[in-house]
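Okay, here's what each chain looks like letter by letter:
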Amino acid sequence: MKKIISSICILFLLYSCNWFSPKDSKEKKSNENLEQELMQDNTKKMKRVFFELPSPIEISLLIKKSGFHYQEDLLNNVDNLPGYSTSVSRAIALGVYCADLSYASLNEQYQTSIEYINVARNLAESLGVLRTVDQDKIQLLEDNVTNKELIVDIISEIYMESSEQLREQDRYKLSSLMLIGGWIESMYLATQSIQSTDKSNELLIQRVLEQKLSLESIKRVLEDNKADPVISPIYNNILDLEKLFNESIKSNPDDDDFYAKIDFVSFDKLVRKISDIRDYLIH
Amino acid sequence: MKYSMIVVLFILILGTNNSYSQCRSFAKEICKPKLENYAHDGNYNGVVLNVGEQVELHKAFFGGQKYRMVVCPEEQLPPVHFKVMNSDLVVLFDNKDEGYIGQYDFELQKSTTLIISMEFVKMGEDINPSVSGCVALLFGMKL
């Protein structure tokens, strides 16, 4: 029996180098079948498909460029940090604080940025994510706290290292929650200052509604775990959000009058829904 | 016997995860600098690509924003053939037309979802079918 178990372990070891955890669209084939496939006319290919959400950095940049004025009181307060005691709440909070950090840094709020960098790094470490940022960069930042490009670079490293190390540790649920937390917080920051009747908000409203494009990626990120009791309510909220996005955009998108294209009753519901989801995530 | 089984399992887990973390390190140290003055968006797309295999990434891009996309295979790998298509599968860019260049700078007039497909360049029948390695795809934005 022990010999059989040892043999199985050795066989798995030999095949482990070719294992790959992200979604495969087809099952792995033996080397013999792969050779046969390569010899054919290549009409069928092994294909893997990935979907990507816009990062908090990207959405914050879109917000900034639409002329949106910074509001410090919209950020998730760092005083909430001690309340995030489970790995689930920490993963969500990490995404949320990364979004706040992106928003603050692109609006050149350097002291807030430094504070939120430390919060994000500590949260990441508490989740077992190691060395999110090279120490050289932290040293550089300490010597030059007003270097926006460096701060954005640091944020991108924290975000990338955190989401990927969680995936590599087979903690896909936590990685997904982090991404969703970041997206919802970014949308919250974008929507909270919109006065829908104010024509100067036209570009920002447009940017918010364009985020409908991200919903397909969000559903894909959550789909594998949608039966999970933590993910399920979030997934259902995203489906509700999708309906509100659809209702907010009237049937004639080519109308030259921007405001004629928008159903502002539905848009206001969309803004409230985003706020509700955000409150659910951070509390 | 029990301890040797534990060692085998430990090596198994380490071996699997090590290739993923090496790919991530490769993306960060070798690929990310190719973004130059485009700020990395924080997303990581690194795959272990096999010969004959195709990878597709679906991503939303926003009108009026300047982007750079870099595709970096590890040094020992064949060049990567990539195409950028819209959701109707109309090809907007094919790096085959640019000598399999590893980057693409673009700006869209209107926000839309694009599909980026990647595979190794077919080098003829003598290509080793067991060739595989890390290919990183990163995006940067002009601040």
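Criteria and cut-off values
- Residues numbered from 1 in each chain as written.
- Chains lettered and ligands numbered in written order.
- Predicted model: local features only at pLDDT ≥ 70, side-chain atom pairs only at ≥ 80, totals over all residues.
- Helix = DSSP H or I, 4+ residues; strand = E, 2+ residues; numbered from the N terminus.
- Buried ≥ 20, exposed ≤ 12 C-beta atoms within 10 Å, placed from the backbone.
- Contact = placed C-beta atoms within 7 Å.
- Core = buried A, V, L, I, M, F, W, Y, C linked by C-beta atoms within 7 Å.
- Pairing = 2+ DSSP bridges.
- Axes fitted to C-alpha atoms, helices over the stretch in contact; angles between N-to-C directions.
- Parallel < 35°, antiparallel > 145°, perpendicular 65-115°, else oblique.
- Left-handed = near helix turned anticlockwise from the far one by under 90°.
- pLDDT = per-residue confidence, 0-100.

Points about the overall build of chain A
Along chain A, the regular secondary structure elements total 12 helices and one strand. For chain A, buried positions account for 36% of its 283 residues. A sequence separation of at least 24 residues applies to 71% of the contacts in chain A between residues at least 6 apart.

Remarks on the nonpolar core
The nonpolar side chains of a soluble globular protein tend to be buried with one another. Leu94, Tyr97 and Ala120 of chain A together with Ala136 of chain B are the most contacted members of the largest nonpolar core, which has 101 residues in total. Of the residues forming this core, the biggest block, 12 residues, is contributed by helix 4 (residues 87-106) of chain A. Beyond its immediate chain neighbours, meaning those up to four positions away, Tyr97 of chain A contacts Asn76, Tyr116, Val119, Ala120 and Leu123 of chain A.

Focus: the pairing of strand 5 (residues 80-86) of chain B
Residue and element names in this part refer to chain B. Pairing of strand 5 with strand 8 (residues 112-120) involves seven bridges; the strand directions are antiparallel. Bridge pairing in strand 8 places Val84 opposite Ile116. The antiparallel hairpin formed by strand 5 and strand 6 (residues 91-94) contains four residues in its connecting segment, where Leu89 sits at a positive phi of about 65 degrees.

Remarks on the packing of helix 5 (residues 110-126) of chain A against helix 7 (residues 148-168) of chain A
Residues and elements named next belong to chain A. Where helix 5 meets helix 7, the closest approach of the two axes is 11 Å, and the angle between their N-to-C directions is 15 degrees. With respect to helix 7, the axis of helix 5 lies roughly parallel. Considering how the two elements wind past one another, helix 5 and helix 7 form a crossing that is left-handed. In this structure, helix 5 contributes Ser113, Ile117, Ala120, Arg121 and Ala124 to the contact, and helix 7 contributes Ile151, Ile154, Ile158 and Ser162.

A few points about the sheet that holds strand 6 of chain B
A sheet is described by the order of its strands in space; here five strands give the open sequence 1(A)-3(B)-8(B)-5(B)-6(B), paired in mixed fashion. Here the strands that pair on one side only, and so sit at the sheet edges, are strand 1 (46-52) of chain A together with strand 6 of chain B. Going from strand to strand, the sheet's axes swing by 20 degrees on average, the running direction of each strand aside. Set on the sheet, helix 10 (residues 215-223) of chain A makes contact with strand 1 of chain A together with strand 3 (53-61) of chain B; between it and strand 1 of chain A the angle comes to about 110 degrees.

Considering unusual backbone geometry
The backbone of Glu108 of chain A shows a phi angle near 60 degrees, a positive value even though the residue is not glycine. Structurally, Glu108 of chain A is set in the loop between helix 4 and helix 5.

Quick look at the environment of Val51 of chain B
Position of Val51 of chain B among the secondary structure elements: in the loop between strand 2 (45-50) and strand 3. For the pair Val51 of chain B and Phe120 of chain B, spaced 69 residues apart in sequence, the C-alpha separation works out to 6.2 Å.

Some remarks on the confidence of the model for chain A
Residues and elements named next belong to chain A. Per-residue confidence for chain A averages 85 on the pLDDT scale, and 82% of its residues sit at or above 70. In this model residues 15-32 is a low-confidence stretch, pLDDT under 50, and it forms 16 contacts with partners more than four residues away in sequence or in other chains. Predicted confidence for residues 34-43 stays below pLDDT 50, and this span has seven contacts to residues more than four positions away or in other chains.

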